[in-house]
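Chains, contacts and geometry: an overview
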Amino acid sequence: MVSVQQTSNTSHAFSSADMSNQVQDSLQNMLKMTSEIEQCGGEIEAEIEQAKEGVADKCRVLEEEKERFQKVALAALNILSGGI
């Protein structure tokens, strides 16, 4: 019976060491994932900023086209009303 208890205690010691290694591995993996998440977050923020700049450029172009259209429309109205 003594040998059974010794075997059981020995396997418990290995189990604790294995558990410690698993916890350490898990923590290292979590640190790697955190780093990857931060990197992806930075890339996403850069893409969002580029998209904002693109939208702002399109808004400027549309505003310029609107102003040109309004000028042409006013000129056409002036011509149609007999003015120059």
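The structure contained in this document is the topic of the report that follows.

Scanning the protein chain for helices and strands turns up one helix and zero strands. Across the 84 residues of the protein chain, 0% fall into the buried class. Accessible area for the protein chain stands at about 7,800 Å²; split by element, carbon and sulfur atoms hold 61% of it.

The subject of this paragraph is the pattern of salt bridges. Going through the model one piece at a time under the given rule, you end up with two salt bridges. In this structure, the salt-bridge partner of Arg60 is Asp57, at a minimum N-O distance of 2.1 Å. With Arg60 and Asp57 both in helix H1 (residues 2–80) and three residues apart, this pair spans about one turn of that helix. The salt bridge partner of Lys66 is Glu63, with a shortest N-O separation of 3.7 Å.

Below, the discussion takes up a nonpolar patch on the surface. Taken together, the side chains of Met19, Val23, Leu27, Met30, Met33 and Ile37 make up a nonpolar region of the molecular surface, amounting to roughly 610 Å² of accessible area. Along the chain, Ile37 turns up in helix H1.

About the thresholds
- Residues numbered from 1 in each chain as written.
- Predicted model: local features only at pLDDT ≥ 70, side-chain atom pairs only at ≥ 80, totals over all residues.
- Heavy atoms only, no water.
- Helix = DSSP H or I, 4+ residues; strand = E, 2+ residues; numbered from the N terminus.
- Buried < 20%, exposed > 50% of the residue type's maximum accessible area, 1.4 Å probe, protein only.
- Areas by Shrake-Rupley, 256 points an atom, 1.4 Å probe, with all protein chains shown as cover.
- Salt bridge = Lys/Arg side-chain N within 4 Å of Asp/Glu carboxyl O.
- Patch = residues over 30% accessible without salt bridge, like charges linked within 9 Å, V, L, I, M, F, W, Y side chains within 5 Å.

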